[in-house]
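Notes for the structure review
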Amino acid sequence: MDSIEDKLSIEDGHATGVYINFPFTLKKYDGHDHSNLKTCNLYKLLPPEMKIEVETNLHLLEYLHILPIDTMGIPRYVSKLESKHGDIEEPNLIYKVSDQTYVHIYPNKNDVRNFYIPIEPILLTGVGNLIKELETKLVDHLTGIDFDPENLEEKEKILRTALDDICVIGNYNPVSGSGSGAKKPPSTKSFFGGNKKKDSHIYLSKEYYDALRYSIIRDKIGVGFLDPYIHDSHIEDITCNGLGPIFIEHKVFKGLRSIIEFNDNDILNQYIIRLAERIGKPITFKNPIVDSTLPDGSRINIVFGDDISKNGSNFTIRKFNDIPFSILQIIKGGTLNFQVAAYLWILISEGMSGFICGETASGKTTTLNGITAFINPDSKLVTIEDTPELQIPHKNWTRETTRGSTRGGGQTGEGSGSDVTMFDLLKAALRQRPNYILVGEIRGVEGNVAFQAMQTGHPVMSTFHAATVEKLIQRVTADPINIPKTYIDNLNFVLIQSAVRRPDGKLVRRVLSVNEVIGYNPDKGGISFIEAFSWDPVTDSFVFSANGSSYLLEQKIATRLGIPGKKKKVIYEEIEKRAKILERLSDEGIVNYYDFFDTVSKITKHGMLRIQF
């Protein structure tokens, strides 16, 4: 039977050893009596919204007390972070991340990356000694209890129950030398109804109990000091390049620099080893690379050791939204417009195969998730991925993921079985009779099977690393994919997306072009394609270059629908009709991913999308 420590991961996780480097000189904090907030001069200065927050979370007020308010001013509290806040030149604001945590964005006068400062209940409340005492009591409390938690939710429930059993909140006299915040009952006998030689409880104030519980859950269930970053829905990427600060890519403030730094290789390695064990992928110097997912679904890549990473071990976390962006939210962000979306709607609903292409962090997966809602709602979908990222709104969805040969992701030794690759899963998918196959990303020989699937009438959509259609064709016709050029016409459309810089200097994601693949041209010995849509960087708008001359709309879709040649203009009218539908849904606020899909399903069911000719 596993030990209690194995089941709950009770290690000395709170002592992370990371260095906190504030970008300003902190004021001396001796503690304040907040039993009556009306007597606190700083509280009196706060705006109404921030007063409500500090009344709920006193540690936020404690944080404000250590700030040099005289020189920086009181940070602005933002109840709902919006894209407009990213335009502030020198942001000094606080926003809420979760019930107990906040983030302070502070300007950096020496660098383009402003500072990201997590505000946690334990930031100023010293609970170190209490944690050590609590861990000892936890082991005693749980020893002999028969339990076998199967997931993190069960582990957290067990921990919270144990904490409630051990900790007693009350206003008693402090125990000298027993740890900040600990309290002593007036009498063990009168309090518990009997004498006990050894008291298994910890007595403390509610403030310290909240901090203690937060710390234990963060370190034993979560990922330690990174937990606030993981829970921040505005963060896209978290990067540790080795020794030095943690870097962040933020949806609103773009590149940020955390105040948390690693300045010791041993501490960095210890944290990474513990992080790898937490996700069930142990890492060693012999097998130093791990690709996996965190419990919240974020994708993590770890490289261990300074022999292959000269600045020390490093990791990158790519976060994903619990609810994907709908196509309407993507349109609102300017990645494409209603007309481009309507055009894609027709292509995808009629079973066209396409690749979403671009460089890293160009938003390929976000766009693929968004346009998936255009697949007919009664379709059967199969998704194939290395790391689960795709979210499908359809009910009939089979989700497949690859498997390494061992628990450690390709390590030698005992494991969970043989490899199951993208190639294997794609071959299996062909036997499952799907209406659409979605591949998270095509990189290798599975691309050959994807084109075979298209040739046998199975529509396929995937993401692909290529900056142009020409580069895409070069890659799929060369090793290791090796698609014959005569097969290329099975791929119907190619969407090229990129992160670009607007004239005002702001980095944005844009669909640079949507291209229709015609096929192999034996006379020229190359692949012919036409640009259906293109992005105009000067006006930041989209041009329908193929309006009235679309190969896919006229030769593929119109023919499939039986539209006679003289009436093919109705297919272009359908684009305008669907663009107006999308615009109306956006105006009505139906932008949630699943709400949008449900609405499209109802529209489809009522026959509103039938093309009349």
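Data block above holds the structure.
Going along each chain's sequence as written, the residues are numbered from 1 onward. Two thresholds apply to this predicted model, a pLDDT of at least 70 for residue-level local features and 80 or more for giving and counting side-chain atom pairs, whereas whole-chain, interface and lining totals are computed over all residues. Hydrogens and water are ignored here; the side-chain numbers use all heavy atoms of the structure.

1. Comments concerning the pairing of strand 20 (residues 460-464)
Per-residue accessibility, obtained with a 1.4 Å probe over protein chains only, is compared with the maximum for each type, and a residue is labelled buried under 20%, exposed over 50%, and partly exposed between these values. Only DSSP runs of H or I covering at least 4 residues are called helices, and only runs of E covering at least 2 are called strands; the numbering of each starts at the N terminus. Taking burial as the measure, the five residues of strand 20 include five buried ones, the bulk of the element. Residues Val460, Ser462 and Phe464 line one face of strand 20 and the alternating positions Met461 and Thr463 line the opposite face, and both faces are buried. Bridge count for strand 16 (residues 354-357) against strand 20 is four bridges, and the pairing is parallel. The residue of strand 20 that forms the bridge with Gly354 is Met461. Summarising the sheet, strand 19 (residues 436-439) and strand 20 pair through three bridges and their orientation is parallel. Among the inter-strand pairings, Ile437 is bridged to a residue of strand 20, identified as Val460. A pair of strands is treated as paired once DSSP finds two or more bridges between them.

2. Notes on the pattern of salt bridges
Any Lys or Arg side-chain nitrogen found within 4 Å of a carboxyl oxygen on Asp or Glu counts as a salt bridge. According to the stated counting rule, one finds 19 salt bridges in the structure shown. A salt bridge links Glu120 to Arg218; the shortest N-O distance between them is 3.1 Å. Separated by 98 residues along the polypeptide, Glu120 in the loop between strand 5 (114-119) and helix 6 (128-142) and Arg218 in helix 9 (residues 206-220) bring together distant segments of the chain. Given the relative accessible area of 9%, Glu120 is considered buried.

3. Overview of the environment of Asp232
Checked against the element boundaries, Asp232 lands in the loop between helix 10 (227-231) and strand 10 (235-240). Separated by 114 residues in sequence, Asp232 and Pro118 have C-alpha atoms that sit 9.9 Å apart. Here, two residues are considered to be in contact whenever any of their heavy atoms come within 4.5 Å of each other. Once you skip the residues sitting within four places of it in the chain, Asp232 turns out to touch Tyr95, Val97, Val103, Tyr116, His250 and Lys319. Here Tyr95 takes part through its side chain, which lies 2.5 Å from a polar atom of the side chain of Asp232. Side-chain atoms alone can form a polar contact between residues adjacent in sequence; in general such a contact is a pair of N or O atoms within 3.5 Å, and within protein one must be able to donate a hydrogen while the other accepts it.

4. Focus: the packing of aromatic side chains
Here is the rule: rings of Phe, Tyr and Trp (six-membered ring for Trp) pair when centre to centre is within 6.5 Å. Planes less than 30 degrees apart are stacked, more than 60 are edge-to-face, and the remainder are tilted. All chains considered together, the criterion is met by 17 aromatic pairs. Their ring planes at 40 degrees and their centres at 4.6 Å tell us that Phe285 and Phe304 sit as a pair that is tilted. Linking Phe285 in the loop between helix 11 (265-278) and strand 13 (289-293) with Phe304 in the loop between strand 14 (299-303) and strand 15 (314-318), this pair joins segments that are 19 residues apart in sequence. When its relative accessible area of 51% is taken as the criterion, Phe285 is described as exposed. Their ring planes at 85 degrees and their centres at 6.0 Å tell us that Phe355 and Phe451 sit as a pair that is edge-to-face. Of this pair, Phe355 sits in strand 16 while Phe451 sits in helix 16 (residues 446-455), and the two are 96 residues apart along the sequence. In textbook terms, an aromatic cluster arises when at least three aromatic residues are bridged by ring pairs, as seen for Phe225, Phe262, Tyr271 and Phe315. Taking NZ or CZ as reference, Lys51 lies 5.3 Å from the ring centre of Tyr43, over its face. When the NZ atom of lysine or the CZ atom of arginine is within 6 Å of a ring's centre and also within 35 degrees of its normal, the charge is said to sit over that ring. Arg578 extends its terminal NZ or CZ atom over the ring of Trp345, reaching a point 5.2 Å from the ring centre.

5. Some details on the sheet that holds strand 24 (residues 541-544)
The nine strands lie next to each other as 18-17-19-20-16-21-22-23-24, forming an open sheet whose pairing is mixed. Every other strand in the sheet has two partners, leaving strand 18 (397-401) and strand 24 as the edge strands with one partner each. When strand polarity is set aside, the average angle formed by the axes of neighbouring strands in this sheet is 20 degrees. Sheet analysis places strand 17 (residues 381-385) next to strand 19, joined by four bridges and oriented parallel. For every element, the axis is a line fit to its C-alpha atoms; helices are fit only across the contacting stretch, and the angle between N-to-C directions ranges from 0 to 180 degrees.

6. Overview of the environment of Ile221
For Ile221, the position within the fold is in the loop between helix 9 and helix 10. The sequence separation of Ile221 and Glu153 amounts to 68 residues, and the corresponding C-alpha distance is 8.6 Å. Those residues in contact with Ile221 that lie beyond four places of it in its chain are Leu152, Lys155, Glu156, Leu159, Ile216 and Arg278.

7. Structural notes on the packing of helix 13 (residues 338-349) against helix 19 (residues 569-587)
Contact pair helix 13 / helix 19: the axes reach a minimum separation of 8 Å and the direction vectors enclose 115 degrees. You can see that helix 13 and helix 19 cross each other, and the crossing is right-handed. Every residue of helix 19 that contacts helix 13 at Phe338, Gln339, Ala341, Ala342, Tyr343, Trp345, Ile346 and Ser349 is listed here: Ile571, Glu574, Ile575, Glu576, Arg578, Ala579, Ile581, Leu582, Glu583 and Ser586. Throughout, the ten residues Ala, Val, Leu, Ile, Met, Phe, Trp, Tyr, Cys and Pro are labelled nonpolar, Asp, Glu, Lys and Arg are labelled charged, and all others, Gly among them, are labelled polar. A per-class count over the contact of helix 13 with helix 19 returns eleven nonpolar, three polar and four charged. Whether a crossing is left-handed or right-handed is set by the direction in which the near helix is turned from the far one by less than a right angle, anticlockwise for left-handed and clockwise for right-handed.

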